[in-house]
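What the coordinates show
Chain by chain, the residues:
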Amino acid sequence: MTAASPLILAAPHPAALAAARQAAERGGNAVDAALAAAVVLTVVYPHQCSLGGDLIALVHSPDGTVRAVLSAGAAAHDVDVDTLRAADPRMPAQGPLTVTVPGAVAGWAELAETHGTPGTLAATLRNAAALAEEGATVSAGLARAMREQSARIAADPGLSALLAGPGGAPLDEGDPLPQPRLAAVLRALADDPSSFYRGAVAEALADGLRRAGSPLTASDLAAHRAESVEALALDVSGTRWWTAPPPSQGASLLAVLEAAAAAATLPEPRRTGLLAARCQDASAARDRLLGDPRGTEVDLDGLLRPAPLAGAQPPKPPFRPAGDTVAVTAVDSSGLAVSLIQSVYQTFGSGICEPDTGIVLHNRGSAFSLLPGHPALIGPGLRPPHTLCPVLGRSADLLLAAGCQGGRAQPQILAQTVPDLMDPAADPSAVLDRPRWVVGARDIGHATQTLLAEPGSVPAATPGFPSDVPVVAAPGRTDLAGHTQVVRLAADGRLDGASDPRADGATLFHGPPHGGAAADLAGFWEGNPR
């Protein structure tokens with residue numbers, strides 16, 4: 001690949017697009033551009049992602065191989081399961097006991113070292129530090145999150161300091177968002193990313209966690225390593241799909257992609273009814289079976305081939321996750337593609353911003369179980385089940401990278417979008433603009449299993465399907481239907497993509513018009529099912 005290789009990127013914030021453009025103009029590839037966007041998002045979107053969150057990514061190399069980068073952090077070595085269980089039969093939703101080791105920075109370093117251009121990550125971190133120092137502005141989404149989470153912000157000194165203006169008044173849309181302490185951390189990471197886990201940044205973060213009441217220590221941070229592992233793969237109707245393995249819910253996505261293919265030829269309302277039912281089955285299987293392979297034997301076949309619920313009620317999540325995730329996708333004309341997802345889980349994560357570093361800490365540990373014998377039972381050094389669910393698809397004609405916000409509903413959202421996007425003639429913007437539905441309970445704000453439907457997503461003549469699940473009409477587009485980011489490389493070299501209209505993002509194209517030369521079909525799509 002040359003420095004002039006065209007690329008396209010989709011991201012949910014203008015500052016992320018600007019950072020990606022800078023990386024591309026420096027000669028960076030698709031991974032460099034995606035990392036630039038991801039780093040800047042931790043400055044401008046502290047309610048959704050942070051240095052204190054996790055990262056899961058998929059990378060398609062120009063030779064056609066696919067790897068998953070898992071940088072999901074573990075529970076503390078000194079976690080006291082009996083004390084947690086004595087306090088409540090379920091994990092707390094927020095607070096210091098929900099903080100696991102943050103994996104995002106190690107994930108960036110792994111992606112940069114394995115697939116990036118030397119020096120680009122350091123330049124990206126310095127640029128992000130300048131943005132944090134000078135003060136990004138408060139976006140509409142951040143302002144909305146601040147209003148909705150005002151009580152949580154007021155309860156934490158670090159969040160209050162981060163999000164209050166002169167005189168302590170809450171910041172509003174368009175206000176400057178200076179973060180000098182975060183800027184100092186980003187500059188330190190530009191010099192040495194490992195200092196987040198084994199250095200001065202790690203020591204400061206561990207001290208702050210201890211003061212907040214977390215059992216995480218400097219030793220826990222030092223033990224973290226990002227993993228580059230084989231991705232899960234499944235061939236469906238001429239497309240090979242890849243997702244991340246456990247503890248990601250990627251297997252559940254493959255299950256519903258297979259169901260979507262099986263339902264594709266059915267007439268409505270049977271098509272939507274079958275897919276909705278299989279989404280329920282996959283969600284229930286995930287809640288029963290998903291855990292960390294480090295601590296348990298995960299029933300992968302049960303996740304990939306979920307048993308029908310047959311009238312049984314699926315498990316209910318203990319709380320409603322909100323805010324969730326940011327996805328960045330990029331592909332260049334060499335065939336290098338990445339779907340990168342990072343998050344603090346709920347809005348503002350644990351509700352803790354470590355004041356000396358300005359880092360918002362995630363609450364990913366709230367996804368652990370306290371039930372004895374459950375695959376997701378919390379334990380020393382174990383990772384919780386993860387909603388982060390990037391996806392790549394490749395056919396004889398197209399390479400696609402996609403990801404979305406949507407928490408536990410990510411497989412459902414992607415199953416309604418990415419199969420149609422594998423048609424080279426499909427307009428990505430039009431596909432993402434279509435109305436969608438999601439099935440859930442507490443996770444979408446309902447007491448019992450409910451199908452929440454954007455207007456036009458469910459056939460009007462069948463208001464009660466599936467028969468045991470009520471349909472509730474949303475007044476319009478809803479964030480619960482996800483924010484999807486998608487990019488594509490066609491066999492003729494054409495690059496295109498789209499950013500979900502439910503979000504505030506866009507796509508960035510960098511390179512000569514028309515996407516440059518065609519990809520090398522002899523090697524790039526070799527062995528792919530046709």
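Quick notes on the packing of helix α2 (residues 30-44) against helix α5 (residues 120-134)
Their axes nearest at 9 Å, the elements α2 and α5 cross at an angle of 25°. Between α2 and α5, the interaxial angle falls into the category roughly parallel. As α2 runs across α5, the sense of the crossing is right-handed. Residues Asp32, Leu35, Ala36, Val39, Val40, Val43 and Val44 of α2 form the contact with α5, whose participating residues are Thr120, Leu121, Thr124, Leu125, Ala128, Leu131 and Ala132.

With respect to the sheet that holds strand β17 (residues 471-473)
Within the open sheet, the three strands sit side by side as β15-β16-β17. Their pairing is mixed. The open sheet is flanked by β15 (437-440) and β17, the only strands paired with a single partner. Direction aside, neighbouring strands of the sheet carry axes that sit 25° apart on average. When β15 meets strand β16 (residues 450-453), the two strands line up antiparallel, connected through four bridges. The residue of β16 that forms the bridge with Val439 is Leu451. Helix α13 (residues 270-289) contacts β15 and β16 of the sheet and is inclined by roughly 40° relative to β15.

Quick look at the sheet that holds strand β7 (residues 232-236)
Taking strand neighbours across the sheet as the criterion, the six strands line up as β7-β8-β13-β14-β18-β19 in an open arrangement whose pairing is antiparallel. Strands with a single pairing partner mark the edges of an open sheet, and in this sheet they are β7 and β19 (495-499). Mean inter-strand twist for the sheet, computed between neighbouring axes without regard to direction, equals 15°. Relative to strand β8 (residues 239-243), β7 is paired through five bridges, and the arrangement is antiparallel. Across the sheet, the residue bridging to Leu234 is Trp241, located in β8.

Quick notes on unusual backbone geometry
Trans peptide bonds make up the majority, and among non-glycine residues the majority have a negative phi. Pro246 connects to Pro247 through a cis peptide bond whose omega is 15°. Structurally, Pro247 can be placed in the loop between β8 and α12 (250-263). For the peptide bond that leads from Glu268 to Pro269, omega is 10°, which places it in the cis range. The residue Pro269 is located in the loop between α12 and α13 in this model. A positive phi is found at Ser237, a non-glycine position, where the angle reads about 50°. Locating Ser237 in the fold gives a position in the loop between β7 and β8. A relative accessible area of 67% places Ser237 in the exposed class. Positive phi values are uncommon outside glycine, yet Phe348 reaches one of about 60°.

Details of the pattern of salt bridges
If the charged atoms of two oppositely charged side chains come close together, the side chains can form a pair. What the rule picks out here adds up to 22 salt bridges. In this structure, Asp235 and Arg240 form a salt bridge, with 2.7 Å as the shortest nitrogen-oxygen distance. The exposure class assigned to Arg240 is partly exposed, which follows from its relative accessible area of 23%. Between Arg502 and Glu454 there is a salt bridge whose closest N-O contact spans 2.7 Å. A residue pair is termed long-range when its members are at least 10 positions apart, and Arg502 in the loop between β19 and β20 (506-510) and Glu454 in the loop between β16 and β17 qualify at 48 residues. The residues Arg502 and Glu454 share a single accessibility class, namely buried. In the salt-bridge network here, residues are joined through shared partners; they are Arg181, Arg211, Glu354 and Asp356.

Comments concerning helix α9 (residues 180-191)
Here α9 is 12 residues long and its end C-alpha atoms lie 17 Å apart, about the 16 Å a rise of 1.5 Å per residue gives. Where α9 is concerned, the buried positions are Leu182, Ala183, Val185, Leu186, Leu189 and Ala190. One side of α9 holds all its buried residues, which, seen down the axis, span an arc of 160°. Here the buried face of α9 lies against α2, α4 (104-115), α5, α10 (200-212) and β12 (359-361).

Cut-offs applied
- Residues numbered from 1 in each chain as written.
- Predicted model: local features only at pLDDT ≥ 70, side-chain atom pairs only at ≥ 80, totals over all residues.
- Heavy atoms only, no water.
- Axes fitted to C-alpha atoms, helices over the stretch in contact; angles between N-to-C directions.
- Helix = DSSP H or I, 4+ residues; strand = E, 2+ residues; numbered from the N terminus.
- Parallel < 35°, antiparallel > 145°, perpendicular 65-115°, else oblique.
- Left-handed = near helix turned anticlockwise from the far one by under 90°.
- Contact = heavy atoms within 4.5 Å.
- Pairing = 2+ DSSP bridges.
- Buried < 20%, exposed > 50% of the residue type's maximum accessible area, 1.4 Å probe, protein only.
- Salt bridge = Lys/Arg side-chain N within 4 Å of Asp/Glu carboxyl O.
- Expected span 1.5 Å × (residues − 1).
- Arc of directions from axis to C-beta.

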